[in-house]
Amino acid sequence: MSKEGFFSAVRQACRLAGPTLVTDSEKLDAGAIELQLRGTDLWLTSRVVEGYDPEDYRDLPTAAQEALANAIEGFRRVASAVPPDAPATRDQRDEAWGHFSRILRFVREYVTAEWLGAVEFLFQQAESLAVKREWGTKRFPKTLADSFLGAYEVSQLLIHRPDARFMLDPVARYAPGTTGLVDLYVMPSLGGTVLTRANGIWRIHPPQPGQPLQPWSEAAFLSALDGLARAAA
């Protein structure tokens, strides 16, 4: 299983466990509901950490590697002790939850940092292209909210060329079939297309349907901008 597979397994377990429930009624007790969901044990399985490979995190500080490894081992030990034909005990759930909470915190922080780094790389490439052509650029702050990652700050990138203005607008780290989604549209019409990321590679969806996706390159990006500008004219 890939690193992304491990992240997906943790994300799915988080959904099953419901650790961040929020209620809008005084009659509902979020803590009680959380404990009830945790009690279903659907999240308490060693399959959650099957995709963990310590070699994937050798670039991290030693303390961070050890903390993650200890949490993985602790969770795996408790999960393996739960009988396949009987529910976990309360002690097992509580101990497993302590380990899983640390795994969850690590994955959230790691994925958020990796995603923001990928957006930054994309923006730097686009800004470099614009500078070569003496086009103006400007970044604007934006807050994204994700059910798994929570709320975090990212940027939008405006590209102002003589005949049109374009916006690169991050939408989500998690979208079907991708590991990142960014809108690209022309202003003010807002007609546009998208860039998606898979296996670490950004791909541009052409504005005209029926054409193949193009891996990120200056030529492909310029072609997409030209197509959007023509469509908006």
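Please refer to the structure placed before this passage.
Counting from 1, residues in each chain are numbered in the order their sequence is written. Per-residue local features of the predicted model are confined to residues with pLDDT of at least 70, and side-chain atom pairs are confined, for both listing and counting, to 80 or more; whole-chain, interface and lining totals are unaffected and use all residues. Note: side-chain values were computed over all heavy atoms of the structure, leaving out hydrogens and water.

Q: Could you give me a rundown of the sheet that holds strand S7 (residues 214-215), with the residues and numbers involved?
A: Only strands joined by at least two bridges in the DSSP assignment are considered to pair. The helix and strand labels rest on DSSP assignments: H or I over at least four residues marks a helix, E over at least two residues marks a strand, and numbering proceeds from the N terminus. If you walk across this open sheet you meet the seven strands as S1-S2-S3-S4-S5-S6-S7, and the pairing is antiparallel. Only two strands of the sheet have a single partner each, and these edge strands are strand S1 (136-146) and S7. Strand direction decides the pairing type here: S1 and strand S2 (residues 150-161), joined by 11 bridges, are antiparallel. Note on S2: the bridge partner recorded for Ala145 is Ala151. Across the sheet, helix H4 (residues 90-132) touches S1, S2, strand S3 (164-172), strand S4 (181-187), strand S5 (192-198) and strand S6 (201-204), and the angle it forms with S2 is around 10 degrees. Contacts between residues were defined by any pair of non-hydrogen atoms, one from each residue, lying within 4.5 Å. To get an axis, fit a line to the C-alpha atoms, keeping to the stretch in contact for a helix; angles then go from 0 to 180 degrees between the N-to-C directions. Running over the sheet, helix H5 (residues 218-232) touches S2, S3, S4, S5, S6 and S7 and is turned about 45 degrees from S4.

Q: Go over the nonpolar core, please, and point to the residues and values.
A: Within the largest apolar cluster, 63 residues are counted, with the highest numbers of intra-cluster contacts made by Phe6 and Phe221. Every element with two or more residues in this core is listed here: helix H1 (3-17), helix H3 (62-81), H4, S2, S3, S4, S6 and H5. When residues in this core are grouped by element, the largest group, 17 residues, is from H4. For Phe221, the contacting residues outside a window of four places in its chain are Ala126, Leu129, Ile159, Leu168, Leu184, Ile204 and Trp216. Buried Ala, Val, Leu, Ile, Met, Phe, Trp, Tyr and Cys residues form a nonpolar core when they are joined through side-chain atoms within 4.5 Å. Burial classes: relative accessible area under 20% of the type maximum marks a residue as buried, over 50% as exposed, and values in between as partly exposed (1.4 Å probe, protein chains only).

These values are about where atoms sit, not about what they do.
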